[in-house]
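# Chain and residue survey
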Amino acid sequence: MRRRQVQRDPAHPRIGSVVVRHLRPLPVQAQFSPVYAIASADVNKDGNPDLLLGGNFEKTRVSIGKIDANHGMLFLGDGKGNFKYIPQTESGFAVKGDVRDIQILKIKN
Ligand SMILES: [Ca+2]
């Protein structure tokens, strides 16, 4: 698989030939642990894409200790590029351990 080159020019970021606009950092909670998996879905059915993040790195040296602060994170999007962190007690999205992939399943009722 060919990886696309990401330009480091913050004024005109590109992924391949596509100009990326409106880059914004995620809320600080996204920085609590390394993120290895991101999925996008409209979790709250408001028409705006939301983000589910998973990660962690538990097999580190003893002197460093486990990096396991991510127990699954939900960020609700407002459709304008802003995302709000929703605590696990509210979202119900709670996973433990190293997460390397998130798949969205559609279940028929
Ligand atoms: Ca949504």
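Attention shifts here to the overall build of the chain. Helix and strand counts for the chain stand at one helix and six strands. Listing the helices and strands of the chain from first to last along the sequence gives β-β-β-β-β-β-α. Relative to its 109 residues, the chain shows a buried fraction of 13%. In the chain, 47% of the contacts between residues at least 6 apart in sequence involve partners at least 24 apart.

Below, the discussion takes up the pairing of strand 5 (residues 73-77). Taken together, the three bridges between strand 4 (residues 50-55) and strand 5 define a ladder with antiparallel strand orientation. Across the sheet, residue L53 finds its bridge partner in strand 5, namely M73. Both strand 5 and strand 6 (residues 83-86) contribute to a ladder of four bridges, which runs antiparallel. Looking across to strand 6, one finds that F75 is bridged to Y85. What sits between strand 5 and strand 6 in their antiparallel hairpin is a turn of five residues, with G79 showing a positive phi close to 85°.

Here the phi dihedral of K45 falls at roughly 55°; this positive angle occurs in a residue that is not glycine. If you trace the backbone, K45 turns up in the loop between strand 3 (35-41) and strand 4. Take K45: there are 8 C-beta atoms within 10 Å of it, and that puts it in the exposed class. Even without being glycine, N56 reaches a positive phi, approximately 90°. Within the secondary structure, N56 sits in the loop between strand 4 and strand 5.

The sheet built from four strands is open, its strands ordered 3-4-5-6 with antiparallel pairing. Both edges of this open sheet fall to strand 3 and strand 6, since each of them pairs with a single strand only. Here the strands of the sheet are splayed against their neighbours by 25° on average, with no regard to which way each runs. Pairing of strand 3 with strand 4 involves six bridges; the strand directions are antiparallel. Looking at strand 4, one finds that A41 is bridged to D50.

Okay, the nonpolar core next. Among the nonpolar cores identified, the biggest contains eight residues, and these are V43, L51, L52, L53, M73, L74, F75 and F83. In contact with L53, not counting residues within four places along its chain, are A30, V35, I38, N70 and M73.

Calculation rules
- Residues numbered from 1 in each chain as written.
- Predicted model: local features only at pLDDT ≥ 70, side-chain atom pairs only at ≥ 80, totals over all residues.
- Helix = DSSP H or I, 4+ residues; strand = E, 2+ residues; numbered from the N terminus.
- Buried ≥ 20, exposed ≤ 12 C-beta atoms within 10 Å, placed from the backbone.
- Contact = placed C-beta atoms within 7 Å.
- Pairing = 2+ DSSP bridges.
- Axes fitted to C-alpha atoms, helices over the stretch in contact; angles between N-to-C directions.
- Core = buried A, V, L, I, M, F, W, Y, C linked by C-beta atoms within 7 Å.

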